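# Coordinate inspection notes
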Amino acid sequence: MRIVIVSNRLPVNIIKDKKTNNNKFQKSSGGLVTSIGAYTEKMTDLSYAWIGWPGVSITNKQDKEEITSSLKDIHSYPVFLSEKEMDKFYLGFCNRTIWPLFHYFPTITDFNKDQYEEYKSVNVKFLKTLSEIINPQEDIIWIHDYHLMLLPNLLRQEYPNLTIGFFLHIPFPAYEVFQLLPSKWRLEILEGMLGADLVGFHTHEYVDNFLRALLRFKGLENNFGIVNDKGRLVKIGTHPISIDYLKFSNTSKTPFVVNKVKEIHSQFNNQKILFSVDRLDYTKGILNRLLGFEHFLEHNPNWIQRIVLIIIVVPSRIGVYHYQQMKRQIDETIGRINGKFSTVDWIPIVYKFDSLDFENLIAFYNASDIMLVTPLRDGMNLVAKEFIASKTNKEGVLILSEMAGSAKELLEAIIINPNSVEEISDAIKLALDIPKEEQIQRIEKMQNRISRYNVFRWVSDYLNELNKIVLSQNQMESQFINEKVEEKIISLYLKSKKRIIILDYDGTLVEFTESPKSALPTKELIHLMHTLLQSNNVVAIVSGRDKETLQHWFENLNIILIAEHGAFYKYPNTSWRLYQNNIDLNWKKAINNILHLYTDRLPGSFIEEKTFSTVFHYRNADSETSLSFIPELNGHLQNFLANTNLKVYKGNKILEIKPSSIGKHNIVEILNLKEYDFCLAIGDDYTDEDMFKVLPENAITIKVGEISTLAKYNIKNPHQVRKLLEKLANAI
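In short, a report on the structure. Since the model is a prediction, treat every value here as computed from it, not as a measurement.

## Considerations on the overall build of the chain
Looking only at helices and strands, one finds 25 helices and 29 strands in the chain. Its C-alpha atoms put the chain at 105 × 65 × 45 Å along the principal axes. Within the span of the chain, comprising 732 residues, buried residues form 56% of the whole. For the chain, long-range pairs separated by at least 24 residues make up 70% of all intrachain contacts whose partners lie at least 6 apart in sequence. Approximately 32200 Å² of the chain is accessible, and the part contributed by carbon and sulfur atoms is 49%. Positive and negative side-chain charges in the chain, numbering 85 and 87 respectively, have mean positions lying 2 Å apart.

Shown next as structure tokens:
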């Protein structure tokens, strides 16, 4: 087994050596590379490959070949992208559309069609590179983040049985925010992510948002986080990413870090140190953090010259306008605050626009008394976990935004709303007042939690969950008709002398449509029925449809028609007959009055009147509203119909009310099944279960869909039903 990791960037960047002009590798930065890189480095027996962009646009063919060859030595495979592609894909759609929108900044979100088309094109490029190296029978593909949300489904189309995981490292926004994307884009993104077997998020909130989007935009419900997408199971799960705890903890004890901590304390004259380190990004709340510190100094003048804020801003996405604008605002704000409060021998804010190497970062974590992590929105934020893991003396306080995913785990931090300058200021004051004993208790609890759920546990838990859902999918697949079962059915079919084929219509012979009236039989379906009849078969269509519709559709075929689930039946060249006489219909007026009340409350729903039943349709109603609304209606009807011979039947986006004496269980008498030595019955809903229950033991019964059933076999969808019938029709 090999894990193939797919991300926007490789774990290394290609850079030109200024002296030799040769290409060399430099380790990439970022939480994903840090976390998964720690896993691949430690698990020496792990077979893995990593696919991504090498960090630079290469045009020369020879350079591409040399880089590709060199990268293989470190299990990496490049996806080469031109500067134009990166401009529209990465700087464009990824960072001007998805990044701001998913972080709840809709006012600075671009909706550029050309950039989205490039996004699609780059996802296809990743597919092509993957196709060149993967072994579909052995490899596990693990795709990461918002740059590649279309890739899982692209892979699924090419390799239906491939094991695919997808993890989104940024927030998945609330339905109302996701809805801002053009309808085509959002559907393609949802379908893209659903190509995976397991879709992972950092928090339950993001999972709920995604499930709600699936319900609202695709009408897909979930069962304990498992979604059935066209007969394939997809698990949606919470898997909060973590860090290599021991790496941070052990590095804190090295002589370099210990001496560096002493140096920092000496440099700042043992002032209280607030520390902040972030990539330059408008989502990180850096400006509010500065304003919160300013507010603290204004309202707590006794701390002037006794406290310092050390703020590190790591350069990022310099080419994006909003980042350039933010850099200017940060510079101006820091200059203003320092000008306002500085004395001859004290500056309140020490600012560095650069990155820190690992050991120096650990030293600053250890030297600081208070860590400020106040993003306006963040998928996880590993800085908070790194700070906690680095605290060997367990002294210090973490101030953490409630908008960061890590706030769901680091409960002992001081949790604040980052939009409130006053809350940030108050949190600083509170942190300074917390006794050392309490600081130690808080840090210790968080350390215990992070040390147990470290990056190795994160990876193993995710891969175990991925394996579980694949096993569940395989178990479900095993109940579907396969080639061997098809051959058995055809063999029995050919050996028989008198055959009958009993078929439901909606959801069995044809797919469901928005309106029942639009589910007309195609010319191909009529031809298929005609071919079956020519092979000396008896064909019966047993449907919930009214008799007029069935006769209109199939009047030119010599087939048996059974309408309204067995209330009416008609042999070829005869008139319609009523199965049961003297059926009381006085109940319909009262039921219709109830249903009309509910159609007014549920836009998109409608009532279908049949002779002996009434059907409440809600296929076109809002999926989320229906989810809570239909149980209410069902309960109302059940209570109203108690102690009557009427029943409420829940079908595919319908509720049907009819007498219990009417049903497909009556077909045994209608069709006189004892005459036949081959009986095939196929149906898709609750009414067909009544039919399966009463058919002869030697009957071949097939349920459309994956739902547990009384039928002997399952088949995935109407398309496969038609394919099976074609094989039977052509077998003779």
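## Overview of the sheet that holds strand 17 (residues 414-416)
Spatial ordering of the open sheet is given by 14-13-12-15-16-17, a layout of 6 strands whose pairing is parallel. With partners counted over all chains shown, the strands left at the sheet margins are strand 14 (349-352) and strand 17, one partner each. On average, each strand axis in the sheet is tilted by 20 degrees relative to the strand beside it, whichever way the strands run. Taken together, the 3 bridges between strand 16 (residues 397-401) and strand 17 define a ladder with parallel strand orientation. By the bridge assignment, L400 is partnered in strand 17 with I415. Contacts between helix 14 (residues 382-390) and the sheet are confined to strand 12 (272-279), strand 15 (370-373) and strand 16, with strand 16 contributing the most and set at about 170 degrees to the helix.

## Side note on the packing of helix 21 (residues 587-601) against helix 22 (residues 623-640)
Here helix 21 crosses helix 22 at 165 degrees, and the two axes come no closer than 11 Å. Judged by the angle between their axes, helix 21 and helix 22 are roughly antiparallel. Handedness of the helix 21/helix 22 crossing: right-handed. Counting all contacts with helix 21, which are made through A590, I591, I594, L595, Y598 and R601, the residues of helix 22 involved are F629, E632, L633, H636, L637 and F640.

## Description of helix 12 (residues 321-341)
Since the α-helix turns once every 3.6 residues, residues separated by three or four places project in the same direction. Over its 21 residues, helix 12 extends 31 Å from the first C-alpha to the last, a length consistent with the 30 Å expected when each residue adds 1.5 Å. Of all the residues in helix 12, the buried ones are Y323, M326, I330, T333, I334, I337, N338 and F341. One side of helix 12 carries all its buried residues, which in axial view fall inside an arc of 125 degrees. Exposed side chains of helix 12 directed beyond 90 degrees from the buried face belong to E332 and G339. Looking at the packing, one finds that the buried side of helix 12 touches helix 3 (83-102), strand 12, helix 11 (286-299), strand 13 (307-314) and strand 14.

## Here we look at the sheet that holds strand 1 (residues 2-9)
Overall, mixed pairing links the 9 strands, which are arranged 5-4-1-6-7-8-11-10-9 in an open sheet. In the strand order of this sheet, the two ends are held by strand 5 (76-78) and strand 9 (222-223), each with one partner. Taken together, the 4 bridges between strand 10 (residues 226-229) and strand 11 (residues 232-238) define a ladder with antiparallel strand orientation. From the neighbouring strand, D229 faces strand 11, where its bridge partner is R232.

## Quick notes on the pairing of strand 26 (residues 654-659)
Counting buried positions over the 6 residues of strand 26 gives 6, a clear majority of the element. Examined bridge by bridge, strand 24 (residues 614-617) and strand 26 share 4 bridges and lie antiparallel to one another. Within the sheet, the bridge partner assigned to T614 lies in strand 26 and is I657. Sheet analysis places strand 25 (residues 646-651) next to strand 26, joined by 6 bridges and oriented antiparallel. Following the sheet pairing, V648 is matched in strand 26 by I657. Hairpin connection between strand 25 and strand 26: a loop of 2 residues separates the two successive antiparallel strands, and K653 in this loop has a positive phi of roughly 60 degrees.

## Some words on helix 20 (residues 547-554)
Considered for burial, the residues of helix 20 that qualify are K547, T549, L550, W553 and F554. The buried residues of helix 20 all sit within an arc of 160 degrees when viewed along its axis, so they share a single face. Where helix 20 is buried, its residues meet helix 19 (523-534), strand 19 (537-542), strand 20 (560-563) and strand 21 (568-570). Its side-chain oxygen placed 3.2 Å from the backbone nitrogen of E548, D546 serves as the N-cap of helix 20.

## A short note on the pattern of salt bridges
According to the stated counting rule, one finds 41 salt bridges in the structure shown. Where E656 meets K610, a salt bridge forms, and the shortest distance between an N and an O atom there is 3.7 Å. Placement of the pair is E656 in strand 26 and K610 in the loop between strand 23 (606-609) and strand 24, with a sequence separation of 46 residues. A single burial state applies to E656 and to K610, both of which are buried. Each of E176, R212, R216, D622 and E624 takes part in salt bridges that share partners, so that together they form one network.

## Quick notes on the packing of aromatic side chains
Tallying each qualifying case throughout the model produces 35 aromatic pairs. Ring centres of F172 and F201 lie 6.1 Å apart, and the angle between their planes is 75 degrees; on these two criteria the pair is classed as edge-to-face. With F172 in the loop between strand 7 (163-167) and helix 6 (175-178) and F201 in strand 8 (residues 198-201), the pair connects residues that are 29 residues apart, well separated along the chain. Here the aromatic rings of F201 and F210 are separated by 5.3 Å at their centres, their planes lie at 45 degrees, and the arrangement is tilted. Across the ring face of W303, the terminal group of R306 is positioned such that the distance to the ring centre comes to 3.9 Å. Sitting over the ring of Y104, R377 keeps its end group 3.7 Å from the ring centre.

## Some words on unusual backbone geometry
In this structure, Y104 is a non-glycine residue whose phi angle is positive, near 70 degrees. Mapping Y104 onto the fold places it in the loop between helix 3 and helix 4 (113-133).

## Let's talk about the side chain of D688
Structurally, D688 is set in helix 24 (residues 686-694). D688 gets classed as buried once you look at its relative accessible area, which sits at 0%. With sequence-adjacent residues up to four places away left out, D688 is seen in contact with D504, K664 and G683.

## Let's talk about the side chain of E409
As for its placement among the helices and strands, E409 is situated in the loop between strand 16 and strand 17. Among the residues examined, E409 registers a relative accessible area of 16% and is labelled buried. For E409, the contacting residues outside a window of four places in its chain are P240, M380, K385 and R449.

## Description of the nonpolar core
Ranked by size, the top nonpolar core spans 99 residues in total, and within it L155 and F172 carry the most contacts. The contacts of L155, once residues within four sequence positions are left out, are L127, L130, I134, I141, I143, L162 and I164. Core analysis: the second largest hydrophobic core is formed by 72 residues, L71, F167, A367 and L382 among them.

## Observations concerning the environment of I715
Mapped onto the fold, I715 is located in strand 29 (residues 713-715). When the C-alpha positions of I715 and I481 are compared, they lie 5.7 Å apart, and in sequence the two are 234 residues distant. Not counting residues up to four positions away in its chain, the partners in contact with I715 are F480, I702, K703, V704, G705, Q720, V721 and L724.

## Topic: a negative patch on the surface
A surface patch of like charges, here negative, comprises E402, E422, E423 and D426. Counting through the fold element by element, E423 comes out in helix 15 (residues 421-433). A residue is classified by how much of its surface remains accessible, and E423, at 35% relative accessible area, is partly exposed.

Rules of the game
Residues numbered from 1 in each chain as written. Predicted model: local features only at pLDDT ≥ 70, side-chain atom pairs only at ≥ 80, totals over all residues. Heavy atoms only, no water. Helix = DSSP H or I, 4+ residues; strand = E, 2+ residues; numbered from the N terminus. Buried < 20%, exposed > 50% of the residue type's maximum accessible area, 1.4 Å probe, protein only. Contact = heavy atoms within 4.5 Å. Areas by Shrake-Rupley, 256 points an atom, 1.4 Å probe, with all protein chains shown as cover. Lys, Arg positive; Asp, Glu negative; His and termini not counted. Charge placed at Lys NZ, Arg CZ, Asp CG, Glu CD. Pairing = 2+ DSSP bridges. Axes fitted to C-alpha atoms, helices over the stretch in contact; angles between N-to-C directions. Parallel < 35°, antiparallel > 145°, perpendicular 65-115°, else oblique. Left-handed = near helix turned anticlockwise from the far one by under 90°. Expected span 1.5 Å × (residues − 1). Arc of directions from axis to C-beta. Polar contact = N/O pair within 3.5 Å; in protein donor to acceptor, adjacent residues only side chain to side chain. Salt bridge = Lys/Arg side-chain N within 4 Å of Asp/Glu carboxyl O. Phe/Tyr/Trp six-rings, centres within 6.5 Å; stacked < 30°, edge-to-face > 60°. Lys NZ or Arg CZ within 6 Å of the ring centre and 35° of its normal. Core = buried A, V, L, I, M, F, W, Y, C linked by side-chain atoms within 4.5 Å. Patch = residues over 30% accessible without salt bridge, like charges linked within 9 Å, V, L, I, M, F, W, Y side chains within 5 Å.

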